[in-house]
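For reference, the chains in residue letters:
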Amino acid sequence: MADKQREVPSTRTPATIRLLVADVDGTLVTHDKVLTERARATVAKMQRAGIQFAITSGRPPRGMEMLIEPLALTTPIAAFNGGMFVKPDLSVIEQRVLQADVIEPAMETMRKHGLDTWIYRGTEWFVRDRHGPHVDREEWTVKFPPTVVADFKGLTNDVAKLVGVSDDLEAVCECEAAVREQFAAKVHTRQTNPQRETLVSAARSQPYYLDVTHPEANKGYVVTRLSEMLRIPTRNIATIGDMPNDMAMFEKSGISIAMGQAGEEVKSAATYTTSSSEEEGFAKAVEDWVLNPFDST
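Note that the structure is a prediction, hence the values are computed from the model and not measured.

Trainee: Just to check I follow, could you spell out the side chain of Ser256 for this structure?
Mentor: Within the secondary structure layout, Ser256 lies in strand S13 (residues 255–258). Excluding residues that lie within four positions of it along the chain, Ser256 makes contacts with Thr239, Phe250, Ala269, Ala270, Thr271 and Tyr272.

Trainee: Could you clarify how one ought to interpret the environment of Leu155 in this entry?
Mentor: Among the secondary structure elements, Leu155 is positioned in the loop between strand S8 (147–148) and strand S9 (159–165). Since its relative accessible area comes to 10%, Leu155 is described here as buried. A C-alpha to C-alpha distance of 9.4 Å links Leu155 and Ile103, two positions 52 residues apart in sequence. Apart from the residues within four sequence positions on either side, Leu155 is in contact with Ile119, Arg121, Phe126 and Val149.

Trainee: I would appreciate a short explanation of the environment of Ile237 in the present structure.
Mentor: Residue position: Ile237 is located in strand S12 (residues 237–241). Residues Ile237 and Gln52, spaced 185 residues apart in sequence, show a C-alpha to C-alpha distance of 9.4 Å. Contacts of Ile237, omitting those with residues within four sequence positions, involve Ile17, Leu19, Val21, Val223, Ser227, Ile232, Ser253, Gly254 and Ile255.

Trainee: Would you take a moment to explain the environment of Thr30 for this structure?
Mentor: Summarising the element assignment, Thr30 is placed in the loop between strand S1 (19–23) and helix H1 (37–48). Look at Thr30 and you get buried, because its relative accessible area is 10%. In the structure, Thr30 is positioned 248 residues away from Glu278 in sequence and 5.7 Å away in space, judged by C-alpha atoms. Ignoring sequence-local partners within four residues, the contact set of Thr30 consists of Thr36, Ser277 and Glu278.

Trainee: Please explain the side chain of Ser166 as it appears in this structure.
Mentor: Structurally, Ser166 can be placed in the loop between S9 and helix H5 (169–183). Overall, Ser166 belongs to the buried group, its relative accessible area being 9%. One polar contact links the side chain of Ser166 to the main-chain amide nitrogen of Asp168, over a distance of 2.9 Å. Ignoring any residue separated from it by four or fewer positions in sequence, one finds Ser166 in contact with Gly114, Leu115, Val172 and Tyr208.

Trainee: How should helix H6 (residues 219–230) be read in this particular structure?
Mentor: For an α-helix, 3.6 residues make a turn, and residues three or four places apart therefore share a direction. The end-to-end C-alpha distance of H6 is 16 Å, a good match for the 16 Å that 12 residues give at a rise of 1.5 Å each. Those residues of H6 that sit buried are Lys219, Gly220, Tyr221, Val222, Val223, Arg225, Leu226 and Ser227. Just beyond H6, the residue with positive phi is Arg231, at close to 55°.

Trainee: Would you take a moment to explain the confidence of the model for the chain for this structure?
Mentor: Low pLDDT marks stretches whose predicted atomic positions should not be read closely. Averaged over every residue, the pLDDT of the chain is 90; residues scoring 70 or more account for 89%. Note that pLDDT drops below 50 for residues 4–13; the model gives that stretch 19 contacts with residues more than four away or on any other chain.

Trainee: Would you mind going over H5 with me for this structure?
Mentor: The terminal C-alpha atoms of H5, which comprises 15 residues, lie 22 Å apart, in line with the 21 Å expected from a rise of 1.5 Å per residue. Of the positions making up H5, those classed as buried are Ala171, Val172, Cys175, Glu176, Val179, Gln182 and Phe183. End-on, the buried residues of H5 take up no more than an arc of 145°, which puts them together on one face. Exposed side of H5, more than 90 degrees from the buried face: Glu170 and Glu181 are the residues found there. Each element contacted by the buried residues of H5 is listed here: helix H3 (100–112), strand S10 (201–206) and strand S11 (209–213).

Trainee: Even after reading the chapter, I still don't get the pattern of salt bridges, so can you show me in this structure?
Mentor: Oppositely charged side chains can form a pair if their charged atoms are brought close together. Enumeration over the complete set of coordinates arrives at 18 salt bridges. Put simply, Glu37 and Arg40 hold a salt bridge, and the shortest N to O gap is 2.6 Å. Here Glu37 and its partner Arg40 are both found in helix H1, 3 residues apart, which amounts to about one turn of the helix. The exposed category is assigned to Glu37, whose relative accessible area is 52%. Salt bridges sharing common partners tie together Glu94, Arg96, Glu216, Arg225 and Glu228.

About the cut-offs
Residues numbered from 1 in each chain as written. Predicted model: local features only at pLDDT ≥ 70, side-chain atom pairs only at ≥ 80, totals over all residues. Heavy atoms only, no water. Helix = DSSP H or I, 4+ residues; strand = E, 2+ residues; numbered from the N terminus. Contact = heavy atoms within 4.5 Å. Buried < 20%, exposed > 50% of the residue type's maximum accessible area, 1.4 Å probe, protein only. Polar contact = N/O pair within 3.5 Å; in protein donor to acceptor, adjacent residues only side chain to side chain. Expected span 1.5 Å × (residues − 1). pLDDT = per-residue confidence, 0-100. Arc of directions from axis to C-beta. Salt bridge = Lys/Arg side-chain N within 4 Å of Asp/Glu carboxyl O.

Right under this line is the structure:
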């Protein structure tokens, strides 16, 4: 049974939800990357009710291709946490890449914290260790193999996402804070927009992944950009996710839902908490707070 994280004030009428934006891993799909039949059917029911559905993830566009047909997606897909928006045919609508001069310093910070590094650039995924931590699992998840390189020389331009990877979860958390501090309120000599407050967005998409993207490439931006693209006010948008990088979209949406397995920091940032991804938490959340907003007891 889904439990409310905090109540909507009784004096306020809940806004009608016209769009649900969902994280993918650990939210829309299970730990084993399965899109359950109940989740698929719930999305179809939502679409029949006139509620649009969109997905966002740290995954590259090709890593979400397998969801497009089963979910009959028609909305823009936000890959790389909003670093790239593509149409359902995977043609690019827009993209935001990291400044070239932040890549090496960010990788050095990751190395100091013991994290391996990956680069996503265009449609390619580059690694230095073919079977390093989580490489095989990531390949299984995104359904395409990495390109193995001796180093990242010549690959620091047009980077959509830099990833730090480690099974030392505390080190990943500490590295997240270090990267944020490293690039906060700094002005590089080659920076073209010195008024920008930060040079990167850094957030954990999984406990073992630190995603570093363009400062506007975060899930909060996904909500505001989809609001513009689809002409739906943010108060009429619901969001659902399970990781710290989902908190940015919680802040921008009318209501937000945390998955049952999410950490306390994520749950405390959400309007409601549903059950876990292994207990049909996505479908339950849609049924309770998107399709039936007035009957969520």
